[in-house]
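The chain contents come next:
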Amino acid sequence: MYPTKRMCSQTTLVVFMLVVILTINIFSYFTIFKIDRKFQITEQIDINNPKALDDLRAKYALNSEKYSQDLYRASKGDDHSAFYEKVKLEAFCPLKERLGEIDDGGKYVCNPRMVRKDDCTIISLGLNNQIYFDQHIQNVTGGHCRILGADKDPQNMATQATYGGMNGKLFSGMIPKDISISSIMQTAGRKEVEILKMDIEGGEMEALEPFLKEYKVCQILIEIHKSPAEHFKMLQIMAKYNFRIYNVETTPYCVMCCEYSLIHEGCMEQFAVVPLAPIVSKKEL
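The rules behind each value
Residues numbered from 1 in each chain as written. Predicted model: local features only at pLDDT ≥ 70, side-chain atom pairs only at ≥ 80, totals over all residues. Heavy atoms only, no water. Buried < 20%, exposed > 50% of the residue type's maximum accessible area, 1.4 Å probe, protein only. Helix = DSSP H or I, 4+ residues; strand = E, 2+ residues; numbered from the N terminus. Arc of directions from axis to C-beta. Contact = heavy atoms within 4.5 Å. Core = buried A, V, L, I, M, F, W, Y, C linked by side-chain atoms within 4.5 Å.

Comments concerning helix α6 (residues 181-188)
Alright, step 1. Buried within α6 we find I181, S182, I184, M185 and A188. In a view along the axis of α6, the buried residues occupy a sector of 160 degrees, so they form one face of it. Opposite the buried face of α6, at more than 90 degrees from it, the exposed residues are Q186 and T187.
Alright, step 2. At its buried positions, α6 is contacted by β4 (121-125), β5 (146-151), β6 (168-172), β7 (193-198) and α7 (204-214).
Alright, step 3. Once α6 ends, the next one or two residues include G189, with phi positive near 70 degrees.

Regarding the environment of I279
Alright, step 1. Looking at the element boundaries, I279 is found in the segment after β11 (274-275).
Alright, step 2. Judged by its relative accessible area of 2%, I279 is buried.
Alright, step 3. Distance in space between the C-alpha atoms of I279 and Y67 is 6.3 Å, their sequence separation being 212 residues.
Alright, step 4. Apart from the residues within four sequence positions on either side, I279 is in contact with S64, Y67, S68, K88, L89 and E90.

Observations concerning the nonpolar core
Alright, step 1. Judged by nonpolar contacts, the single largest core of 45 residues is most densely connected at L125, I222 and Y260.
Alright, step 2. Top element by residues in this core is helix α8 (residues 228-240). It accounts for six residues.
Alright, step 3. Leaving out residues up to four positions away in the same chain, L125 has contacts with A150, I175, I181, I184, L196, K197, M198, D199 and I200.
Alright, step 4. Counting 26 residues, the second-largest nonpolar core is a separate cluster that includes A91, F133, I195 and M268.

In structure tokens:
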């Protein structure tokens, strides 16, 4: 009698664990599916079609003026979703990788393994002791680059230790009120930036353009907040300095926020990027 009860108890436990595992898998599936549905701005290329890239470029060249006007008109409204739908790619990166968290906090980087191997620099602005992106990009790029991280508050001891062990240097202060991106570069003795990640809750509005005037940057991964008009303004600033959009990702927890990945025209060959027609106007329409 007792062995039978014990067997039943073990069977019940096994069934319970299987149900738990199945529930987790189903939850994970729908979570990932939900995340995948966020990626609205993408282009598929038929690798078996040798003319696929030419066709894509022709499509954007033909429609670029309409795309530009549609985006400008959407920027005058208050509907963020309508604005995001009008943002189009201006460059095609065939080797995009999502680095960092699978959900909010991860960033799409174009061909990160092609960063320079000599004296390269990565900047990560906005940490809050969450450095998965920083760790991931250092791992993917082979740890060749000096990574400079900054946040409005000092990071905890664990973060400081981890950062120090991965060729990193931390800074604290509100950007650009307390410290500028240029001052971070000067203190670290760096000259150029391969990848600049910005998630500083609106500080990018004042901080980015002065930095782009002084330093060469290859890729910008930026989260922009606030109204469609302010999104458009920031995209215009980056277009002014010859950056092209290669990825757009809306965020699930903030309708006013959107992640943009851009590459400088001068770095496209290095990262195997195909230029498409520019869509964001560099001047007021």
